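# Descriptive analysis of the structure
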Amino acid sequence: MGSAKKNTASARKARIEEMRRAEQARERRNRILTIAASVVVVAGLVVGGIVLVQSQSDDTAADGKGKGHFVTGSDGVKTWKGTLGRNHVAKTVDYPMEPPVGGDHNQVWMNCNGNVYTKALNNMNAVHSLEHGAVWVTYTSKAEKADVDALAAKVKKTPYTLMSPDDKQKDPIMLSAWGHQRTVTGAKDPNVDKFFAKFVQGAQTPEPGAACTGGLGQ
């Protein structure tokens with residue numbers, strides 16, 4: 001009789017211990033789930049906040065129509081008088097001049113280590129190159145082939161320059177730097193060398209020494 005009671009008590013104790021262990025395990029699982037859910041919620045709030053801030057930044061910065069105008073100097077170089085934004089944006093920027101000489105732009109620059117492109121560039125990438133101190137040579141289909149070839153040869157041997165066609169611009173051959181621009185008559189125009197000498201990594205450069213490689217190629 002005593003032995004039976006002893007066995008019953010032992011079995012009850014074993015069941016209680018098993019139930020206690022099960023309850024502890026259940027509590028641990030609940031704590032883990034609660035922590036995990038909190039982490040997910042916090043992460044979601046952080047990501048949502050970042051996306052919202054970026055979205056707002058893009059919405060407000062993507063307008064390249066900064067107030068200003070060109071003033072032409074006695075040397076024929078036009079200088080933009082006004083604000084040129086420098087925000088990195090994902091949306092298309094509508095610049096007030098063609099080719100643009102500055103303004104909000106894409107976060108990736110066009111390679112400008114003497115790069116000659118045969119197709120029109122995305123202005124938002126090229127403007128970033130100007131920010132790094134590059135001179136951008138552009139031409140239309142009206143430019144003489146001999147001039148295009150000679151300018152291409154000059155660009156290829158000049159770091160911090162790039163060249164591309166642009167049939168939207170007003171004149172057959174144009175040179176652009178950050179905040180500055182001019183028209184030239186051809187490759188032999190002495191103003192080509194003058195513009196290069198003054199504006200390739202010139203004083204106008206917002207980010208002197210920034211890379212002209214490691215960006216976007218065509």
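Structure: see above.
Residues numbered from 1 in each chain as written. Predicted model: local features only at pLDDT ≥ 70, side-chain atom pairs only at ≥ 80, totals over all residues. Heavy atoms only, no water.

In total, this model carries one disulfide according to the counting rule given. Linked covalently through their sulfurs, cysteine 112 and cysteine 212 form a disulfide whose S-S length is 1.6 Å. Disulfide cysteine 112-cysteine 212: torsion about the S-S bond near -90°, hence left-handed. With cysteine 112 in the loop between strand 2 (78–82) and strand 3 (113–116) and cysteine 212 in the segment after helix 4 (190–199), the pair connects residues that are 100 residues apart, well separated along the chain. Across this residue pair, the class does not change: cysteine 112 and cysteine 212 are buried. (Disulfide = S-S within 2.5 Å. Helix = DSSP H or I, 4+ residues; strand = E, 2+ residues; numbered from the N terminus. Buried < 20%, exposed > 50% of the residue type's maximum accessible area, 1.4 Å probe, protein only.)

Attention shifts here to the environment of valine 108. Position of valine 108 among the secondary structure elements: in the loop between strand 2 and strand 3. Remark: the alpha-carbon pair of valine 108 and histidine 88, spanning 20 residues in sequence, is separated by 8.7 Å. In this view, valine 108 contacts Asn125, His128, Gly215 and Leu216; residues no more than four positions away in its chain are not counted. (Contact = heavy atoms within 4.5 Å.)

Turning next to the pairing of strand 2. One ladder, built from five bridges, connects strand 1 (residues 68–72) with strand 2; its direction is antiparallel. Residue pairing across strands places valine 71 opposite threonine 79, the latter belonging to strand 2. Following strand 1, the chain reverses through five residues before pairing antiparallel with strand 2; glycine 76 in that reversal takes a positive phi of roughly 90°. In the sheet, strand 2 pairs with strand 7 (residues 180–183) via two bridges, with the strands oriented antiparallel. In the strand pairing of strand 7, threonine 79 is matched with histidine 180. (Pairing = 2+ DSSP bridges.)

Bringing the pairing of strand 6 (residues 173–177) into the picture now. Buried residues dominate strand 6, accounting for five of its five residues. By the alternation rule, side chains of strand 6 split into Ile173, Leu175 and Ala177 and Met174 and Ser176, which are all buried. Strand direction decides the pairing type here: strand 4 (residues 135–139) and strand 6, joined by four bridges, are antiparallel. Bridging from a neighbouring strand, tyrosine 139 pairs with isoleucine 173 of strand 6. Across four bridges, the pairing between strand 6 and strand 7 is antiparallel. Residue pairing across strands places alanine 177 opposite histidine 180, the latter belonging to strand 7. Here strand 6 folds back onto strand 7, and the loop between the two strands holds two residues, one of which, glycine 179, carries a positive phi near 80°.

Inspection of the secondary structure puts aspartate 171 in the loop between strand 5 (161–165) and strand 6. At 4.3 Å, lysine 170 is the nearest oppositely charged side chain to aspartate 171, a buried residue that forms no salt bridge. Here threonine 183 takes part through its side chain, which lies 2.6 Å from a polar atom of the side chain of aspartate 171. Every residue in contact with aspartate 171, bar those within four places of it in the chain, is listed here: Thr140 and Thr183. (Lys, Arg positive; Asp, Glu negative; His and termini not counted. Salt bridge = Lys/Arg side-chain N within 4 Å of Asp/Glu carboxyl O. Polar contact = N/O pair within 3.5 Å; in protein donor to acceptor, adjacent residues only side chain to side chain.)

Sheet strands associate in pairs through backbone hydrogen bonding, adopting either a parallel or an antiparallel arrangement. Taken in spatial order, the seven strands line up as 1-2-7-6-4-5-3 in an open sheet, and their pairing is mixed. The open sheet terminates on both sides in strands that have one partner only, identified here as strand 1 and strand 3. Taking each pair of neighbouring strands and ignoring which way they run, the sheet shows an average axis angle of 20°. Two strands pair when backbone bridges link them, and strand 4 and strand 5 are joined in this way by five bridges, in the parallel orientation. The residue of strand 5 that forms the bridge with tyrosine 139 is proline 165. Contacting strand 4, strand 5, strand 6 and strand 7, helix 4 runs over the sheet at an angle of about 15° to strand 6. (Axes fitted to C-alpha atoms, helices over the stretch in contact; angles between N-to-C directions.)

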